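The lines below spell out each chain.
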Amino acid sequence: MTDAPSMNELLKDAPTNWGKWGPDDEVGALNYLTPGEVMRGIGSVRTGRVFTLQRMIGDPKGDPVWPGRTPAVRTQILDESNWYDGAGGPEYPGGLHYADDKLDAFLQGSTQYDALGHLWYDGKIWNGYDADTTVGGLDKASIMPIAERGVAGRGILLDIARWRGKEALDPAETFTHEDLVACAEAQGTPIEKHDILVVRTNYLKHFFDKGDAFYDDFCEPGLTYSLELAQWFQDMEIPNLATDTIANEVTYDPGSGVALPLHCALMRNLGVALTEICDLEELAADCAEDGQFTFFYVAAPLKVAKAAGTPVNPVVIK
Ligand code: UVW
């Protein structure tokens, strides 16, 4: 252990939205995405061009995952070889053959939504539910309420890498909510209340360049915790933060050394939905070309009972 302060100490004055949507709420800041907000998102569509943000599971170049998780393994169960001479493939009237496969995967081992109950401190998860409700699977604030609700609203790409004039951010490189605001202004479209923030760092380029050495001294770049940042997210009523990094924030808070405090400040305390490991490269190239950084963003994580998060393939329509 380090001599980092406890999460409680670091976040002692941090704002919360607990109770804001009632004692039974399990979707948090996604409540901001009302039908009117969905229409605002649709209103940003200009050409109908569609982009999907999921990274391919089983990429031959590798699947980036949080340390301790392992990439998904897809296994072929049936293919034409099962019907080679004497191979014993199932016989169906009419001679039907088919391919079948299965996936052994960490539910958060690819592009994913975190459930609001995915991370906690001080024995309480989102909305003040007891952390004991996570034992054996999440009884409260699992991914299910988010999966059933779906996510739709106006998204805005904040291309921090491009704004900083870099191909990709460096390990442990930080930025703040003020940088997000400045980046949006430089791109020509300010962040509005209730926008879904889609933040590009292109950091996973280093994973594809370096392979396993990427995990040596692992510290991703990203937003860092400050009271002002948490307050800004609360004031702007941000429903969802999506990034192209594995964990959406600088891994170790540079001031305190605390791991992943923003997961706690934003997700556990404010109910902000987190979407991780997005592939933003095609979208970013298109936005840079046509100068349109806002779009209709739609996503629905997979429905898995009691899960702490599930894979997703978010769709963006410009
Ligand atoms: C952890 O980092 C522990 O989880 P994730 O990045 O999937 O939210």
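Residues numbered from 1 in each chain as written. Predicted model: local features only at pLDDT ≥ 70, side-chain atom pairs only at ≥ 80, totals over all residues. Heavy atoms only, no water.

(A) The site of the ligand, seen in detail. Taken together, Trp66, Arg69, Gln108, Gln112, Asp114, His118, Ile246, Ala247, Leu260, His263 and Glu276 are the residues near the ligand. Gln112 has a polar side-chain atom sitting 2.8 Å from an oxygen atom of the ligand. Computed on the free molecule, the ligand has an accessible area of 260 Å², of which 92% lies beneath the protein chains in the complex. (Near = heavy atom within 4 Å. Polar contact = N/O pair within 3.5 Å; in protein donor to acceptor, adjacent residues only side chain to side chain. Areas by Shrake-Rupley, 256 points an atom, 1.4 Å probe, with all protein chains shown as cover.)

(B) Fine view of the environment of Glu173. Positionally, Glu173 belongs in the loop between helix H4 (160-163) and strand E6 (174-175). C-alpha separation for the pair Glu173 and Gly222, spaced 49 residues apart in sequence, amounts to 6.5 Å. Residues in contact with Glu173, not counting those within four places in the same chain, are Arg164, Lys166, Pro221 and Gly222. Polar side-chain contacts of Glu173 include one of 2.7 Å to the side chain of Lys166. (Helix = DSSP H or I, 4+ residues; strand = E, 2+ residues; numbered from the N terminus. Contact = heavy atoms within 4.5 Å.)

(C) Quick look at the state of the cysteines. Counting across every chain of the model gives zero disulfides. Cysteine Cys183 remains unbridged, with the sulfur of Cys287 as its closest cysteine sulfur at 11 Å. Of the cysteine sulfurs around Cys264, a residue in no disulfide, the closest is that of Cys219, at 16 Å. (Disulfide = S-S within 2.5 Å.)

(D) The arrangement of the domain arrangement of the protein chain in detail. The domain architecture assigned to the protein chain consists of domain 1 (7-64 + 107-317) and domain 2 (73-104). Here the C-alpha centre of domain 2 lies 39 Å away from the C-alpha centre of domain 1. (Domains from an automatic or database assignment.)

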